[in-house]
Amino acid sequence: LPIYYDLVDLVYNDTDHEVAPRGMKIKERLGVFFEIQMPRNRLLYVPERKFSLPYTIAETLWYLTGDNTTEWISEYSSFWKKISEDGKAHSAYGQHIFGKNNIPLSTNPIAVDSNSESQWEYVLRELRNDPDSRRAVMHIRQPKHSWIAEKDVPCTLTLQFILRDNKLNLITNMRSSDLIYGLSYDVPAFTFLQELMALELGVELGWYRHLSASLHIYERHFEMCENIMKNDPRRESWVYTPQMPEMPSPPPIDYLNKVQWKLRDAATSDELEELVNMFNPDVPAYWNDWVNILAVRKAKKLKATDLKNRIHKNISFAGYKAVLK
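Residues numbered from 1 in each chain as written. Predicted model: local features only at pLDDT ≥ 70, side-chain atom pairs only at ≥ 80, totals over all residues. Heavy atoms only, no water.

**Focus: the overall build of the chain**
Step number 1: Looking only at helices and strands, the chain features 13 helices and seven strands.
Step number 2: Relative to a compact globule of 325 residues, whose C-alpha radius of gyration would be 20 Å, the chain shows 20 Å and is just as compact.
Step number 3: For the chain, the C-alpha atoms occupy an extent of roughly 60 × 50 × 45 Å along the three principal directions.
Step number 4: With 325 residues in all, the chain has 50% of them scored as buried.
Step number 5: For the chain, the share of sequence-separated contacts (at least 6 apart) that also reach a separation of at least 24 residues comes to 65%. (Helix = DSSP H or I, 4+ residues; strand = E, 2+ residues; numbered from the N terminus. Rg over C-alpha atoms; globule rule 2.2 N^0.38 Å. Buried < 20%, exposed > 50% of the residue type's maximum accessible area, 1.4 Å probe, protein only. Contact = heavy atoms within 4.5 Å.)

Here it is in structure tokens:
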């Protein structure tokens, strides 16, 4: 995402404010908007940022399962343990998107004959019934979060899906975006969801637009930002990778969820190798790449270098291989 360099430069060098919410100093720009015309160009390849591909895949899979517990995702980032007070996360976006809302739709005479549906199902239904609709909105932050959430207040307000000219567009509205950590993982996750929604609707993928009320950089990342800006994307050391391939099918959630828990519990390289040999070859390579990315991380953690290299070779998308070490 070349635009990332522009955003770092904007927030760091053309700051609106320097403030310290909750005692943490930040540089901040208010009301920042940007567009990605090709949402499959979603992964961040900025050497100084040290973007974690396994975490990106893990977080997106976590959202897709609709889980809000932090036990598994904390294996990939201790951040979730730090902000969770009860082992659950309000910022687990999957629970808001794929969880049932328990809204008795049967009380509405024009609604579908169902007791409840998820926001995902609602958007699908809305756009199938009225492709020109402006109501296909998923709400992430709820009014209750103002009172019940202390450390963990969702940063995302809404995801609005707009279908025009047979292309599905997505507008994300954020109350707050940490440019270094949050944004680099939010954009891949939301554009994955956009592409999945387009696939289920049988339409093309449109543009992605993102609005952050507060786009900011924490003081602890100031030096990193200076190093990022020294890196001209055209210089020889910059890693160029192609945009991701087209999503071939909806994700096999049951398979991916089962494998990710087994990967978590593998305690030795022998257990991991046995698990790798059981990966389903009938699953499209697109999704097995996700499994292999998580397995590479596990092999690295177990210091099983030879196994890690063998798993790495099984990854089909060159863009993953370029940044996954």
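**Looking at the confidence of the model for the chain**
Step number 1: Per-residue confidence for the chain averages 89 on the pLDDT scale, and 91% of its residues sit at or above 70.
Step number 2: Note that pLDDT drops below 50 for residues 104–110; the model gives that stretch nine contacts with residues more than four away or on any other chain. (pLDDT = per-residue confidence, 0-100.)

**Here's the deal with the packing of helix α2 (residues 53–65) against helix α9 (residues 253–265)**
Step number 1: For the pair α2 and α9, the least separation of the axes is 10 Å and the interaxial angle reads 125°. Looking at the two axes, α2 sits oblique to α9. Regarding α2 and α9, the two cross each other, and that crossing is left-handed. Facing Leu61, Leu64 and Thr65 of α2, the residues of α9 in contact are Ile253, Leu256, Asn257 and Gln260. (Axes fitted to C-alpha atoms, helices over the stretch in contact; angles between N-to-C directions. Parallel < 35°, antiparallel > 145°, perpendicular 65-115°, else oblique. Left-handed = near helix turned anticlockwise from the far one by under 90°.)

**What about the pairing of strand β2 (residues 26–36)?**
Step number 1: Pairing analysis gives three bridges linking strand β1 (residues 17–19) to β2, with the strands arranged antiparallel. When the bridges of β2 are listed, glutamate 18 appears paired with lysine 27. (Pairing = 2+ DSSP bridges.)

**Remarks on the packing of aromatic side chains**
Step number 1: Per the stated rule, a full pass over the model turns up 14 aromatic pairs.
Step number 2: Measuring from centroid to centroid gives 5.0 Å for phenylalanine 98 and tryptophan 120, while their planes differ by 35°, and the two rings are tilted. A residue pair is termed long-range when its members are at least 10 positions apart, and phenylalanine 98 in helix α4 (residues 93–98) and tryptophan 120 in helix α5 (residues 119–129) qualify at 22 residues.
Step number 3: Given a relative accessible area of 23%, phenylalanine 98 falls into the partly exposed group.
Step number 4: With relative accessibility at 4%, the residue tryptophan 120 sits in the buried group.
Step number 5: Ring geometry for tryptophan 287 and tryptophan 290: centres 5.0 Å apart, planes at 70°, overall edge-to-face. Taken together, the residues span about one helical turn, with tryptophan 287 and tryptophan 290 both in helix α11 (residues 285–301) at a distance of three residues. An identical accessibility class is assigned to tryptophan 287 and tryptophan 290; each is buried.
Step number 6: Put simply, the rings of Trp62, Tyr63, Phe79, Trp80, Tyr93 and Phe190 pair up and form one aromatic cluster.
Step number 7: Above the ring of phenylalanine 222, the side-chain terminus of lysine 27 is found at 5.4 Å from the ring centroid.
Step number 8: Looking at arginine 42, its charged tip hangs above the ring of phenylalanine 192, at a distance of 4.3 Å from the centre. (Phe/Tyr/Trp six-rings, centres within 6.5 Å; stacked < 30°, edge-to-face > 60°. Lys NZ or Arg CZ within 6 Å of the ring centre and 35° of its normal.)

**So, the state of the cysteines**
Step number 1: In total, this model carries zero disulfides according to the counting rule given.
Step number 2: Cysteine 155 takes part in no disulfide bond, and the closest cysteine sulfur, belonging to cysteine 225, lies 17 Å away. (Disulfide = S-S within 2.5 Å.)

**Let's talk about helix α10 (residues 269–276)**
Spacing of three or four residues puts side chains on the same side of an α-helix, whose turn is 3.6 residues.
Step number 1: Looking at α10, one finds that the buried residues are Leu272, Leu275 and Val276. One face of α10 carries all of its buried residues, which in axial projection span an arc of 100°. Among the exposed residues of α10, those oriented more than 90 degrees off its buried face are Asp270 and Glu274.
Step number 2: Where α10 is buried, its residues touch α9, α11 and α12 (305–313). (Arc of directions from axis to C-beta.)

**As for the packing of helix α1 (residues 3–13) against helix α8 (residues 222–230)**
Step number 1: In contact at an axis separation of 10 Å, α1 and α8 are set at 130° when each is read in the N-to-C sense. The angle between α1 and α8 falls in the class oblique. As for how α1 packs across α8, the hand of that crossing is left-handed. Facing α1, whose interface residues are Tyr4, Tyr5, Val8, Asp9, Tyr12 and Asn13, α8 presents Phe222, Cys225, Glu226, Ile228 and Met229.
Step number 2: Class assignment of the residues belonging to the contact of α1 with α8 gives a composition of eight nonpolar, one polar and two charged. (Nonpolar A, V, L, I, M, F, W, Y, C, P; charged D, E, K, R; others polar.)

**Remarks on the pattern of salt bridges**
Step number 1: Enumeration according to the criterion identifies 12 salt bridges in this entry.
Step number 2: Here lysine 25 and glutamate 18 are joined by a salt bridge, their closest N and O atoms 3.7 Å apart.
Step number 3: Glutamate 18 sits in the partly exposed class, given a relative accessible area of 49%.
Step number 4: Where glutamate 71 meets arginine 264, a salt bridge forms, and the shortest distance between an N and an O atom there is 3.1 Å. Of the two residues, glutamate 71 sits in the loop between α2 and α3 (79–83) while arginine 264 sits in helix α9, which places them 193 residues apart along the sequence.
Step number 5: Residue glutamate 71 is classed as partly exposed on the basis of its relative accessible area, which comes to 45%.
Step number 6: Connected via shared salt-bridge partners are Asp14, Asp16 and Arg29. (Salt bridge = Lys/Arg side-chain N within 4 Å of Asp/Glu carboxyl O.)

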